Amino acid sequence: MMKSAVAILVIVCMVGAIEAIWLTLPSSGTKCVSEEIQNNVVVLGDYVVVSEDQAHSPTISVKVTSPYGNNLHHAENSTHGQFAFTTHEAGNYLACFWVDGTSHGGGDVSVNLDWKTGIAAKDWESVARKEKIEGIELELRKLEGAVEAIHENLLYLKSREAEMRNVSEKTNARVAWFSMMSVAVCIAVSALQLWHLKRYFQKKKLI
């Protein structure tokens, strides 16, 4: 029972990730953060430029895109901001940051990114106020949401495994056909070379 409870807690922690990421942006160039997210998942992100001089803090530009290149968030000349969206495509979601060229004299810029997905991005305080629940009931509601997220993740992983298996089987079949065709071509070329050499030697009356 203890092992099962520990395993469930580990899975709950893995579902709905909360990732606080510290990025160091070069004066020229772009740094990106990506995460593979399934369909119909809530994503929240908060970013802030960390600078000792708050009065003259450097500004950055931010762009968040979906796996198919759709623009989900774009901001320029910002020192802080946030983005929120619900995924409609399964795949890698990309958040890219770069320093505005005219706002910084040189050197690296530090950015703190708080990236939340799934159950971790849900506003449980609003849910508690709206449904007038608290304490153990609220915790049970959180666990119920975590179990649902785990179930959805397992179904997603199962579908991805099936897709990868189909791709592997198709690739193996194509490789087998290609190998057979290659062997057949080699045999045909060898036979043609022997026939050509035989005719050549017969013309020269060597055989």
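No experiment lies behind these values; they were computed from the predicted model shown. Counting of residues starts from 1 at the beginning of each chain's written sequence and follows it residue by residue. The predicted nature of this model means local features are confined to residues of pLDDT at least 70 and side-chain atom pairs, given and counted, to a pLDDT of 80 or more, with totals for whole chains, interfaces and linings taken over all residues. The basis for the side-chain values is all heavy atoms of the structure; hydrogens and waters are excluded.

1. Focus on the pattern of salt bridges
By convention in these notes, a salt bridge is any Lys or Arg side-chain nitrogen within 4 Å of a carboxyl oxygen on Asp or Glu. Evaluated as defined, the whole model comprises two salt bridges. Across the salt bridge formed by R160 and E36, the nearest N and O atoms sit 2.2 Å from each other. With R160 in helix 3 (residues 136-203) and E36 in strand 2 (residues 30-37), the pair connects residues that are 124 residues apart, well separated along the chain. Three labels apply to residues, based on accessible area from a 1.4 Å probe with only protein chains included: buried if under 20% of the type maximum, exposed if over 50%, partly exposed otherwise in between. R160 sits in the partly exposed class, given a relative accessible area of 29%. Two residues, E161 and R165, come together in a salt bridge whose shortest N-O distance is 2.7 Å. Of the two residues, E161 and R165 both sit in helix 3, four residues apart, roughly one turn of that helix. Comment: elements are numbered from the N terminus, with helices defined as DSSP H or I runs of at least four residues and strands as E runs of at least two.

2. Looking at the packing of aromatic side chains
Stacked, tilted and edge-to-face pairs are distinguished by plane angle, under 30 degrees for stacked and over 60 for edge-to-face with tilted covering the rest, among Phe, Tyr and Trp rings (Trp via its six-membered ring) whose centres lie within 6.5 Å. Overall, the coordinates contain six aromatic pairs when judged by the stated rule. Judged by centre distance (5.8 Å) and plane angle (65°), the rings of F83 and W115 are edge-to-face. Highlighted residues: F83 in strand 6 (residues 80-86) and W115 in strand 8 (residues 109-117), separated in sequence by 32 residues. Exposure class is identical for F83 and W115. Each is buried. Linked through ring pairs, Y47, F83, F85, Y93, F97 and W115 together constitute an aromatic cluster.

3. Some details on a nonpolar patch on the surface
Think of a patch as exposed residues, more than 30% relative accessible area, with no salt bridge, where like charges cluster within 9 Å and nonpolar side chains (Val, Leu, Ile, Met, Phe, Trp, Tyr) cluster within 5 Å. Note that accessible areas follow from Shrake-Rupley with a 1.4 Å probe, and for residues the cover is restricted to the protein chains shown. Residues L197, Y200, F201 and L206 make up a contiguous nonpolar surface patch of roughly 390 Å² in combined accessible area. Tracing the chain through its elements places L197 in helix 3.

4. What about the confidence of the model for the protein chain?
By definition, pLDDT measures how confident the predictor is in each residue, and it falls between 0 and 100. When the pLDDT values of the protein chain are averaged, the result is 81; 84% of them are 70 or greater. For the protein chain, per-element mean pLDDT is lowest for helix 1 (residues 2-14), which scores 40, and highest for strand 4 (residues 60-65), which scores 93. The contact definition used throughout considers only heavy atoms, calling two residues in contact when any of these lie within 4.5 Å. In the predicted structure, residues 1-17 sits below a pLDDT of 50 and forms 17 contacts with residues beyond four places in sequence or in another chain.

5. So, the environment of G91
Along the chain, G91 falls in strand 7 (residues 91-99). Spatially, the C-alpha atoms of G91 and E35 are 7.9 Å apart, while their sequence positions differ by 56 residues. For G91, the contacting residues outside a window of four places in its chain are E35, E36, I37, P67 and Y156.

6. Quick word on the state of the cysteines
We call a pair of cysteine sulfur atoms a disulfide whenever their separation is within 2.5 Å. Counting across every chain of the model gives one disulfide. Here C32 engages in a disulfide with C96; their sulfurs sit 2.0 Å apart. Taking the torsion about the sulfur-sulfur bond, which here is approximately 105°, the covalent link between C32 and C96 counts as right-handed. Separated by 64 residues along the polypeptide, C32 in strand 2 and C96 in strand 7 bring together distant segments of the chain. The class for C32 is partly exposed, based on a relative accessible area of 41%.

7. Some details on the nonpolar core
The criterion is simple. A nonpolar core is a set of buried Ala, Val, Leu, Ile, Met, Phe, Trp, Tyr and Cys residues joined through side-chain atoms within 4.5 Å. With 23 residues, the main nonpolar core has L25, Y47, I60, F83, F97, V111 and L113 as its most contacted residues. Of all the secondary structure elements, the ones that give two or more residues to this core are strand 1 (18-25), strand 2, strand 3 (42-50), strand 4, strand 6, strand 7 and strand 8. Look past the residues within four positions of F83 in its chain and what remains in contact with it is V43, L44, G45, Y47, V64, H73, L113 and W115.

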